[in-house]
Amino acid sequence: AQTVTQSQPEMSVQEAETVTLSCTYDTSENNYYLFWYKQPPSRQMILVIRQEAYKQQNATENRFSVNFQKAAKSFSLKISDSQLGDTAMYFCAFEARGGSEKLVFGKGTKLTVNP
Amino acid sequence: DTGVSQDPRHKITKRGQNVTFRCDPISEHNRLYWYRQTLGQGPEFLTYFQNEAQLEKSRLLSDRFSAERPKGSFSTLEIQRTEQGDSAMYLCASSPGTKKQETQYFGPGTRLLVL
């Protein structure tokens, strides 16, 4: 069974600064995807960024980038130039390819961006 | 395309009552997932449909829970004889199922409170 661990229950950052959210996972699978999802207060979960395990290059989406360390089973999210709208719960998730491809989530990190 | 929709958005019920939730996935998405999210936790997988076939159920899904996707389009999740421990956010997600792009898109959720 896969597990996902987010060791930072809460984090805060000043507007325009950079913050990194941590995620580690445990799996015996070789073919999988990793995701960061964002869940703003009282709003639905949306995908921030995804990484395919077979790709060595770290994924980047505008101000969001990941540091994927496959051997260490680490998948951190860096948010640059933080904006007030980035305030949300952030969930790291794992998906093994094949089968149901269900998502296994961590417990989340509550990020607050301060003005 | 308006995304994944769920109805109702909120439900308050008394212990012992039955409740039913509906999920309408993104048009032409073959895969549909149900997750449950309790306070302070990440979503946990409940069950998964490929078209109309229910292919996987979590151990979290007790015999009081039943899910259907009769025509491979919308899905319903029914909880019979609700218990206070069923209080949670019930999330639905869909994905194309084309093997090319398997990102899951989430609905806004149904928040259930059992009194």
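Relevant structure appears above.
Basis of the calculations
- Residues numbered from 1 in each chain as written.
- Chains lettered and ligands numbered in written order.
- Predicted model: local features only at pLDDT ≥ 70, side-chain atom pairs only at ≥ 80, totals over all residues.
- Heavy atoms only, no water.
- Helix = DSSP H or I, 4+ residues; strand = E, 2+ residues; numbered from the N terminus.
- Rg over C-alpha atoms; globule rule 2.2 N^0.38 Å.
- Areas by Shrake-Rupley, 256 points an atom, 1.4 Å probe, with all protein chains shown as cover.
- Buried < 20%, exposed > 50% of the residue type's maximum accessible area, 1.4 Å probe, protein only.
- Pairing = 2+ DSSP bridges.
- Polar contact = N/O pair within 3.5 Å; in protein donor to acceptor, adjacent residues only side chain to side chain.
- Contact = heavy atoms within 4.5 Å.
- Phe/Tyr/Trp six-rings, centres within 6.5 Å; stacked < 30°, edge-to-face > 60°.
- Disulfide = S-S within 2.5 Å.
- Buried area = accessible area lost by both parts, 1.4 Å probe.
- Salt bridge = Lys/Arg side-chain N within 4 Å of Asp/Glu carboxyl O.
- Axes fitted to C-alpha atoms, helices over the stretch in contact; angles between N-to-C directions.

### A closer look at the overall build of chain B
Piece 1. Each helix and strand counted, chain B has zero helices and 11 strands in total.
Piece 2. Compactness check: chain B gives a C-alpha radius of gyration of 13 Å against a globular reference of 13 Å for 115 residues, within 12% of the reference.
Piece 3. Overall, chain B is about 45 × 25 × 25 Å in size when its C-alpha atoms are taken along their principal axes.
Piece 4. On chain B, roughly 5900 Å² of surface is accessible, and the fraction owed to carbon and sulfur atoms is 46%.

### A closer look at the pairing of strand β12 (residues 109–114) of chain A
Residues and elements named next belong to chain A.
Piece 1. Here β12 shows a clear split, with Thr-109, Leu-111 and Val-113 buried on one side and none of Lys-110, Thr-112 and Asn-114 buried on the other.
Piece 2. The pairing of strand β2 (residues 10–14) with β12 spans five bridges and is parallel. Across the sheet, residue Met-11 finds its bridge partner in β12, namely Leu-111.
Piece 3. In this structure, strand β10 (residues 88–96) lies alongside β12, joined through three bridges in antiparallel fashion. The partner of Ala-88 across the bridge, within β12, is Leu-111.

### Points about the side chain of A:Ser82
Residues and elements named next belong to chain A.
Piece 1. Checked against the element boundaries, Ser-82 lands in the loop between β9 (74–79) and β10.
Piece 2. On the basis of relative accessibility, which here comes to 1%, the residue Ser-82 falls in the buried class.
Piece 3. A distance of 2.8 Å separates the side chain of Ser-82 from the backbone oxygen of Glu-17, its partner in a polar contact.
Piece 4. The contact partners of Ser-82, leaving out residues within four places of it in the chain, are Val-13, Gln-14, Glu-15, Ala-16, Glu-17, Thr-18, Val-19, Arg-63 and Val-113.

### Details of the packing of aromatic side chains
Piece 1. A full pass over the atoms with the stated rule returns 17 aromatic pairs over all chains.
Piece 2. Judged by centre distance (6.2 Å) and plane angle (20°), the rings of A:Tyr33 and A:Phe35 are stacked.
Piece 3. Using a relative accessible area of 8% as the deciding quantity, one classes A:Tyr33 as buried.
Piece 4. Linked through ring pairs, A:Tyr33, A:Phe35, A:Tyr37, A:Phe91, A:Phe105, B:Tyr33, B:Tyr35, B:Phe45, B:Tyr48 and B:Phe106 together constitute an aromatic cluster.

### Thoughts on the state of the cysteines
Piece 1. A complete count under the given rule lists two disulfides over all chains for this structure.
Piece 2. The partner cysteine of A:Cys23 in its disulfide is A:Cys92, sulfur to sulfur 2.0 Å. Disulfide A:Cys23-A:Cys92: torsion about the S-S bond near -70°, hence left-handed. Placement of the pair is A:Cys23 in the loop between β3 (19–21) and β4 (24–26) and A:Cys92 in strand β10, with a sequence separation of 69 residues. Residue A:Cys23 shares its accessibility class with A:Cys92, and that shared class is buried.
Piece 3. Residue pairing for B:Cys23: its cysteine sulfur links by disulfide to B:Cys92, the two sulfurs lying 1.8 Å apart. The sign of the S-S torsion, about -65°, decides the handedness of the disulfide formed by B:Cys23 and B:Cys92: left-handed. Remark: B:Cys92 occurs in strand β9 (residues 88–95) and B:Cys23 occurs in strand β3 (residues 19–24); sequence separation between them is 69 residues.

### Re the interface of chain A and chain B
Piece 1. Contact with chain A, which involves 18 residues of that partner, is made by 20 residues of chain B.
Piece 2. Carbon and sulfur atoms supply 46% of the area that chain A and chain B bury against each other, a total of about 1600 Å² over both sides.
Piece 3. Summed over the three residues of chain A that lose the most area to chain B, namely A:Gln44, A:Ser100 and A:Lys102, the buried surface amounts to 27% of that side.
Piece 4. With a closest N to O distance of 3.0 Å, A:Glu101 and B:Arg31 form a salt bridge.
Piece 5. Run the count over chain A and chain B and you get eight residue pairs in polar contact (both at pLDDT 80 or more).
Piece 6. Of all elements in the fold, only β5 (32–39), β6 (46–52), β10 and β11 (103–105) of chain A reach the threshold of two or more residues within the side of chain A that touches chain B.
Piece 7. With three residues, the single largest contributor to the side of chain A that touches chain B is β5(A).

### Quick word on the sheet that holds β3(B)
Residues and elements named next belong to chain B.
Piece 1. Reading across from one edge, β1-β3-β8-β7 is the order of the four strands in this open sheet, with antiparallel pairing throughout. Every interior strand has two partners, whereas the edge strands, β1 (5–7) and β7 (65–68), have only one. Within the sheet, the average angular offset between the axes of one strand and its neighbour, ignoring direction, is 15°.
Piece 2. Across four bridges, β7 lies against strand β8 (residues 75–79) in antiparallel orientation.

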